[in-house]
Amino acid sequence: MLKVFYSNALISSPVDNHATDTLLGALYFSQQTLTDISDFDAASTFAHVAMPGLGGQSALYEFFQSTDQSQAGQSDQLHFRFNDNILFGVITLNESEFSGDPGSTPLQAASKTAYEKIFAMLKAQNFPYVLRFWNYIADINGISHDLERYRQFNLGRQQAFIGNDQHIAGNVPAACALGTTGGPLMVAFLAGRTPTLAIENPRQISAYDYPAEYGPRSPLFSRASMASVAGNSMLFLSGTASIVGHQTLHAGDVSAQTEESIENIAAVLDEADRKTATKFNMTDLHYIVYIRDPAHFPQVRAILEHRIGPHVKASYVQADICRSDLLVEIEGSAE
Ligand code: 3EB
């Protein structure tokens, strides 16, 4: 079984006093890099995401823990841990090492390389099905080489998918893509050995079908993925924003964008319900809420508590969103 759980502190026995070698890894959201993780076997798969916590929480950990022992692996800058049914990995690449290719921007080349290395490792380790990708990119809305950096990332990601015989439409993994305050390109992922089911949102055009006005190559992700890990159903909700059809709605209005994002989450969960035998409700998920302007945090939290419930499980961090007119994005997971 895989457990995803959240904490504001680095705790030494995160679940049921299991040995730390059942810990596959973690996403660690904080402005500061972590120094004191030497007691963790999984330390190399602790992925630092340079984003400040909101609401007085300086750090947030999203832990991935299995009930089974795991073992570690590494190839170059790619670190991973796995057992018989699940693998968590993270690759971190400095763009400055990819400045030599005249046909590609450094970020595009780094993105292509990150995904190529991930797909090659998953092939070698026989984990063919990706449940979820997390993409973290510095200065995601910055423009260089006449192209927004998120769009450069999309170019490299699509090249790697095509070169590795991955689906570029239909059954693609759930994902998110957010902007950090700085640092290397980081891609984290979970992969398994049984097929996952991609869920789309009837209110939204699938991201892989977005028109060219959003960049020369489409983003590649589904709105959610339903996975079975050691017989247990899990739902991974992708980053969900105020997009209907392919257009951003409510530019400049963070409250309306939050409401629209929640409408989209409801629609994705309805679609998952329609396509599978497992039902997840909005109150089942734990959410990570990415907010562009920290001043918007109280408003966004009030809307989640009103629309989802006063006990909504949510963590809030400050991040740039991949379209410059988006002020908020919400992702989640449930088991
Ligand atoms: C959107 O719906 C908002 O590029 O992997 C959400 C989730 C978004 C994943 C990605 C982008 C990605 O288009 C942005």
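Residues numbered from 1 in each chain as written. Predicted model: local features only at pLDDT ≥ 70, side-chain atom pairs only at ≥ 80, totals over all residues. Heavy atoms only, no water.

Draft legend 1. Examining the packing of aromatic side chains more closely. This structure, assessed with the given rule, holds 22 aromatic pairs. With a centroid separation of 6.1 Å and an interplanar angle of 75°, the aromatic rings of F82 and F127 are classed as edge-to-face. Separated by 45 residues along the polypeptide, F82 in strand β6 (residues 78-82) and F127 in the loop between α1 (106-124) and β8 (129-138) bring together distant segments of the chain. Summarising the burial analysis for this pair, F82 and F127 share the class buried. These aromatic residues form a ring-pair network of at least three members: Y115, F119, F133, Y150, F153, F161 and F189. Just above the ring of Y210 sits the side chain of R323; from NZ or CZ to the centre is 5.1 Å. Against the face of Y214 rests R323, its NZ or CZ located 4.0 Å from the ring centre. (Phe/Tyr/Trp six-rings, centres within 6.5 Å; stacked < 30°, edge-to-face > 60°. Helix = DSSP H or I, 4+ residues; strand = E, 2+ residues; numbered from the N terminus. Buried < 20%, exposed > 50% of the residue type's maximum accessible area, 1.4 Å probe, protein only. Lys NZ or Arg CZ within 6 Å of the ring centre and 35° of its normal.)

Draft legend 2. Layout of helix α2 (residues 149-163). Here α2 contains 15 residues, and its C-alpha end-to-end distance of 21 Å stays within 8% of the 21 Å for a straight helix at 1.5 Å per residue. By the criterion of burial, α2 is predominantly enclosed, with 11 of the 15 residues buried. If you follow the buried residues of α2, they end up packed against α1, β8, β9 (143-144), β10 (147-148), β11 (174-180) and β12 (185-192). Of the residues trailing α2, D165 is marked for its positive phi of about 55°. (Expected span 1.5 Å × (residues − 1). Contact = heavy atoms within 4.5 Å.)

Draft legend 3. Examining the site of the ligand more closely. Close contacts around the ligand come from 14 residues, with Y150, R157, Y210, R223 and C322 the closest. Here Y150 contributes a side-chain N or O atom positioned 2.5 Å from an oxygen atom of the ligand. Within the side chain of R223, one N or O atom sits 2.8 Å away from an oxygen atom of the ligand. Starting from 360 Å² of accessible surface for the ligand in isolation, the protein chains cover 100%. A molecule is said to occupy a pocket when more than half its atoms come within 2 Å of that pocket's grid points, and by this definition the ligand occupies the largest cavity. (Near = heavy atom within 4 Å. Polar contact = N/O pair within 3.5 Å; in protein donor to acceptor, adjacent residues only side chain to side chain. Areas by Shrake-Rupley, 256 points an atom, 1.4 Å probe, with all protein chains shown as cover. 1 Å grid on protein atoms, 1.4 Å probe; cavity = no way out; pocket = protein on both sides within 12 Å on 5 of 7 lines; lining within 4 Å. Sits in = over half its atoms within 2 Å of the grid points.)

Draft legend 4. Seen up close, the pattern of salt bridges. Enumeration over the complete set of coordinates arrives at 12 salt bridges. Taking the shortest distance from any N to any O, the salt bridge between R307 and E259 comes out at 2.6 Å. Of this pair, R307 sits in helix α4 (residues 297-307) while E259 is found in helix α3 (residues 254-275), placing the two residues 48 residues apart along the sequence. A residue is classified by how much of its surface remains accessible, and R307, at 28% relative accessible area, is partly exposed. In this structure E259 comes out as partly exposed when scored by relative accessible area, which is 29%. Each of E259, E263 and R307 takes part in salt bridges that share partners, so that together they form one network. (Salt bridge = Lys/Arg side-chain N within 4 Å of Asp/Glu carboxyl O.)

Draft legend 5. Structural context of the pairing of β11. Within β11, 7 of the 7 residues are buried, leaving the element largely enclosed by the surrounding structure. What you see with β11 is no split at all: A174, C176, L178 and T180 on one side and A175, A177 and G179 on the other are buried throughout. In terms of strand pairing, β11 meets strand β20 (residues 320-321) through 2 bridges, oriented antiparallel. Residue pairing in the sheet places G179 in a bridge with D320 of β20. (Pairing = 2+ DSSP bridges.)

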